[in-house]
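Fold and geometry: a report
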Amino acid sequence: MLQATVKLCCGIAHDHLRRLPGLKLTAVAAIQRDVRGLVLRGSHHLPSEIPSYIQRLVGKDAARCAEPGGDISTCQFSSTDLSYIHQGERALQRALSILQHPPSWQAEAVLDAGAAVSSAVLPGLGRVFRVEAVLAAPVGWLHRELFEELEQMPRWNPTLSRVEVLQRPGEDTLVTHEVTSASPVGRRDFVSVRHRWRMQAAIYLVGTAVRLERLPAQEGCVRAETRLSCIALQPLAGDPGCTRVTWLLSVDLKGWIPSAVTDRILPRCQADFIGHLRRHLSATARP
């Protein structure tokens, strides 16, 4: 009964939730504190080895945060770090829900033969744009360019003037600040939580806006917000040297921009991004 309860509370009965360390660590730490308290108070129904059993049940993610006394601790993460990790994980779940249960996508008129752009209006997100493309690069190379070497992106993407990693709350989570270049609608800056998740050969890179009090909007910029961004990188069937890219994007550009204008700008920006990425990979030697 205890095993089933712990699995339910931690969400590890489902494969896609089993891989979310922030939620798991928080839930398991709380359960273990409560159980150990019962043991110390002399409950005759709970053997003293149960807290260690819980640690074994949740596996290596909990074990790496074990204290010398056997308790699971989130001391390696501040409450702020955990908040960022949770935000990234929630954005991931939202994106996976859209990808696994697709709405009725409507094609957008974008003059780019190498990228198919469509959109749908979804509750809580407004209009979400989706771009699909196949790129002649393996998943690992694209993952490195779009996550591990994120700060180098302005070198090949002229729509960005600066990208900075502000914090690294966890191995798979970043807090970033991006500033766009000048454009007809002005300059925007974004503060985002970015989260990475691997599932077999695929990699999912998600992002969502986060508030950072110590970083107000930059001079000459309007602070925009990414409601949801998810770039799914999947090896092309039959050709692992190519990658199928699916990018979901919902953004609030803020400022006095009519929604009709935003709805024209965002799909164009997505198609342009794919074009810049194609040119970058063409000019870069890859293994």
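Criteria and cut-off values
- Residues numbered from 1 in each chain as written.
- Predicted model: local features only at pLDDT ≥ 70, side-chain atom pairs only at ≥ 80, totals over all residues.
- Heavy atoms only, no water.
- Buried < 20%, exposed > 50% of the residue type's maximum accessible area, 1.4 Å probe, protein only.
- Helix = DSSP H or I, 4+ residues; strand = E, 2+ residues; numbered from the N terminus.
- Contact = heavy atoms within 4.5 Å.
- Polar contact = N/O pair within 3.5 Å; in protein donor to acceptor, adjacent residues only side chain to side chain.
- Salt bridge = Lys/Arg side-chain N within 4 Å of Asp/Glu carboxyl O.
- Axes fitted to C-alpha atoms, helices over the stretch in contact; angles between N-to-C directions.
- Left-handed = near helix turned anticlockwise from the far one by under 90°.
- Nonpolar A, V, L, I, M, F, W, Y, C, P; charged D, E, K, R; others polar.
- Phe/Tyr/Trp six-rings, centres within 6.5 Å; stacked < 30°, edge-to-face > 60°.
- Pairing = 2+ DSSP bridges.
- Core = buried A, V, L, I, M, F, W, Y, C linked by side-chain atoms within 4.5 Å.

This next bit is on helix α7 (residues 139-148). Among the 10 residues that make up α7, 7 are buried, leaving the element largely enclosed by the rest of the structure. Of the residues making up α7, those classed as buried are V139, W141, L142, H143, E145, L146 and F147.

A few words now on the environment of H276. Relative to the assigned elements, H276 resides in helix α8 (residues 259-283). As for H276 and W156, which are separated by 120 residues in sequence, their C-alpha atoms are 6.6 Å apart. Residues within four places of H276 in sequence aside, it is in contact with W156, N157, P158 and T159. A distance of 2.9 Å separates a polar atom in the side chain of H276 from a polar atom in the side chain of R279.

Turning our eyes to something else, we now look at the pattern of salt bridges. Oppositely charged side chains can pair when the atoms bearing their charge come close. Tallied over the entire structure, the rule returns 10 salt bridges. When the shortest N-O distance is used, the salt bridge between R127 and D263 registers 3.6 Å. Of this pair, R127 sits in strand β3 (residues 126-135) while D263 sits in helix α8, and the two are 136 residues apart along the sequence. Residue D263 is classed as partly exposed on the basis of its relative accessible area of 27%. E225 is the partner of R211 in a salt bridge, and the nearest nitrogen-oxygen pair spans 3.8 Å. With R211 in the loop between β7 (202-209) and β8 (221-223) and E225 in strand β9 (residues 225-236), this pair connects stretches of sequence that are 14 residues apart.

This part takes up the packing of α7 against α8. Relative to each other, α7 and α8 sit at 115 degrees, their axes nearing to 12 Å. Viewed along their axes, α7 and α8 form a crossing whose handedness is right-handed. From α7, W141, L142, E145 and L146 reach across to α8, where they touch F273, L277, H280 and L281. Of the residues that constitute the contact of α7 with α8, the class distribution is 6 nonpolar, 1 polar and 1 charged.

Time to look at the packing of aromatic side chains. By the definition in use, this model includes 3 aromatic pairs. For the ring pair W156 and F273, a centre distance of 5.7 Å and an interplane angle of 55 degrees mean the geometry is tilted. Of this pair, W156 sits in the loop between α7 and β4 (160-170) while F273 sits in helix α8, placing them 117 residues apart in sequence. Assessed through its relative accessible area of 10%, F273 is described here as buried. With centroids separated by 5.6 Å and ring planes inclined at 35 degrees, the aromatic side chains of W197 and Y204 adopt a geometry described as tilted. Its relative accessible area of 4% is what places W197 among the buried residues. Site record: aromatic cluster; members linked through ring pairs are W156, W247 and F273.

As paired strands, strand β2 (residues 116-122) and β3 are joined by 7 bridges and run antiparallel to one another. Considered in β3, the bridge of V121 is made with R127. Linking two consecutive strands that pair antiparallel, namely β2 and β3, is a turn of 3 residues; a positive phi of about 80 degrees is found at G124 within it. Direction of pairing for β3 relative to strand β10 (residues 239-252): antiparallel, over a ladder of 7 bridges. When the sheet's bridge partners are listed, F129 is paired in β10 with L249.

Once that is clear, we can look at the environment of G241. Assignment of secondary structure puts G241 in strand β10. Excluding its chain neighbours within four sequence positions, the residues that come into contact with G241 are A136, A137 and P138.

Turning next to the nonpolar core. Within the largest apolar cluster, 36 residues are counted, with the highest numbers of intra-cluster contacts made by L142, L146, L233, F273 and L277. Setting aside chain neighbours within four positions, we find L233 in contact with V139, L142, H143, L146, A201, A202, I203, L205, T243, R244 and V245. Counting 18 residues, the second largest nonpolar core, distinct from the first, contains A95, L96, L228 and C230.

Turning next to unusual backbone geometry. The phi dihedral of Q200 is positive, around 55 degrees, even though this residue is not glycine. Checked against the element boundaries, Q200 lands in the loop between β6 (187-199) and β7. Q200 gets classed as exposed once you look at its relative accessible area, which sits at 76%. Positive phi is not limited to glycine here, since K254 has a value of about 60 degrees. Among the secondary structure elements, K254 is positioned in the loop between β10 and α8. For K254, a relative accessible area of 30% puts it in the partly exposed group.

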